[in-house]
Amino acid sequence: MKTKEMTNEQLKNRKIMKKVIKYAVCILVAMIMLFPMYWLFTTSFKTATNVAKYPPQWWPNPWTLANYEELFMKRPFIKYLWNSVYIAALMTGGVIVFSALAGYAFAKIKFKGSNLMFLIILCGMMMPIEVTIIPIYTALSGLKLADSHIGLILCPMFGYCGAFGTFLMRQYFLTVPTELIEAGKIDGASQPLIFTKILLPMAISSISTLVIFSFLQSWNDYLLPLVLLSDSTKFTLPLGLSLLSNEDGMKWELVMAAATFSTVPILIVFYMCQQKFMESLSMSGLKG
């Protein structure tokens, strides 16, 4: 009996040790992942002298809001932020509409040349933006859209984001049983009604994924606005961040303050889409 009790205690101790090690490793990895965000946030409240101090100052002393005051009062940061927000929002909405329609057509509507057209779209997705940037600029210049936000919205919509979205939505719609569509037709539903009332609500998880991908792609895009835009009042946030400098070089305390504030829209979009994604999973589990 004593041997059995000892064995049970040893097993319990081993399980406890495994859990302790597992949680310790998870905490260590989380700290490593969160450290850049901590450094970003704390540096935004430092003075220029403390930012350049060596050894580095791990905690702002003193705390200052001067960086945020200069950012909002003396710099056109709000203008850059608004440009990025509305460009990313319009581009993301366009990608969702375009990709959902194209993905449904490629998955459920049989027409001549569909496989070839889908292959061409996949080839476009595999081609990096650096390869196509000169033809894009030439085409938009011919359409008088080079120095405008319309070009920044249309290019990703019908380019890499649209191609990826079409691929993603097509792969999802292929998993939808054709019998579901046929049942809708028997009930008298038209093709647009079946698409909007039956298939789109089912695809909310894929749409949420596409929203996050498209928004981040537009939000972080630096090369396309750099090539297309020449008017500084039309600059997006990545271009605006590059202007936070003076004759002495980059003002890193301002860059950190701007970067800290610019993460807020990304977190909001991610939080909203994460909720929708989890709701879709729970609803599919209930239906199953």
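Calculation criteria
Residues numbered from 1 in each chain as written. Predicted model: local features only at pLDDT ≥ 70, side-chain atom pairs only at ≥ 80, totals over all residues. Heavy atoms only, no water. Axes fitted to C-alpha atoms, helices over the stretch in contact; angles between N-to-C directions. Helix = DSSP H or I, 4+ residues; strand = E, 2+ residues; numbered from the N terminus. Left-handed = near helix turned anticlockwise from the far one by under 90°. Contact = heavy atoms within 4.5 Å. Nonpolar A, V, L, I, M, F, W, Y, C, P; charged D, E, K, R; others polar. Phe/Tyr/Trp six-rings, centres within 6.5 Å; stacked < 30°, edge-to-face > 60°. Buried < 20%, exposed > 50% of the residue type's maximum accessible area, 1.4 Å probe, protein only. Lys NZ or Arg CZ within 6 Å of the ring centre and 35° of its normal. Parallel < 35°, antiparallel > 145°, perpendicular 65-115°, else oblique. Core = buried A, V, L, I, M, F, W, Y, C linked by side-chain atoms within 4.5 Å.

K.L.:
Any chance you could explain the packing of helix H4 (residues 77-108) against helix H7 (residues 149-157) here in plain terms?
P.N.:
The relative placement of two packed helices is expressed as an angle between their axes plus a distance between the axes. H7 packs onto H4 with a crossing angle of 35° between their chain directions and a minimal axis gap of 9 Å. Crossing of H4 over H7 shows right-handed handedness. Along its contact with H4, which presents Asn83, Tyr86, Ile87, Leu90, Met91, Gly94, Val95 and Phe98, the element H7 presents His149, Leu152, Ile153, Pro156 and Met157. Each residue belonging to the contact of H4 with H7 can be placed in one class, and the counts come to 10 nonpolar, three polar and no charged.

K.L.:
Teacher, can you tell me more about the packing of aromatic side chains here?
P.N.:
In this description, an aromatic ring pair is defined by two values, namely the gap between the centres and the angle between the planes. All chains considered together, the criterion is met by 22 aromatic pairs. Taking 5.2 Å as the distance between ring centres and 70° as the angle between the ring planes, the aromatic pair formed by Trp59 and Trp63 counts as edge-to-face. Residue classification places Trp59 among the exposed residues on the basis of a relative accessible area of 52%. Judged by relative accessible area, Trp63 falls into the partly exposed class, the value being 41%. Summarising the aromatic geometry, the rings of Phe173 and Phe195 are spaced 6.2 Å apart at their centres and angled 55° between planes, so their arrangement reads as tilted. In this pair, Phe173 is assigned in helix H8 (residues 160-174) and Phe195 in helix H10 (residues 191-202), connecting sequence segments 22 residues apart. Judged by relative accessible area, which is 0%, Phe173 ranks as buried. Three or more aromatic residues joined by ring pairs make a cluster, and in this case those are Phe41, Phe45, Trp59, Trp63 and Tyr68. For the cation-ring pair, Lys46 lies above Trp39, with the distance from its terminal atom to the ring centre recorded as 4.0 Å. A cation over an aromatic ring shows up here: Arg170 above the ring of Phe118, its NZ or CZ 4.2 Å from the ring centre.

K.L.:
How should the packing of H4 against H10 be read in this particular structure?
P.N.:
Direction vectors running N to C along H4 and H10 enclose 110°, while the axes themselves pass 12 Å from each other. Classified by the angle their axes make, H4 and H10 are roughly perpendicular. Residues Ala100, Leu101 and Tyr104 of H4 form the contact with H10, whose participating residues are Gln191, Phe195, Leu199 and Leu200. Partitioned by chemical class, the residues of the contact of H4 with H10 number six nonpolar, one polar and no charged.

K.L.:
I keep staring at the nonpolar core and nothing clicks. Help me out?
P.N.:
Of all hydrophobic cores here, the largest spans 53 residues; its most connected members are Leu71, Met169, Phe173, Leu199 and Leu224. Tallying contributions element by element places H4 first for this core, with 11 residues. Not counting chain neighbours up to four residues away, the residues in contact with Leu71 comprise Phe77, Leu244, Leu254, Ala257 and Ala258.

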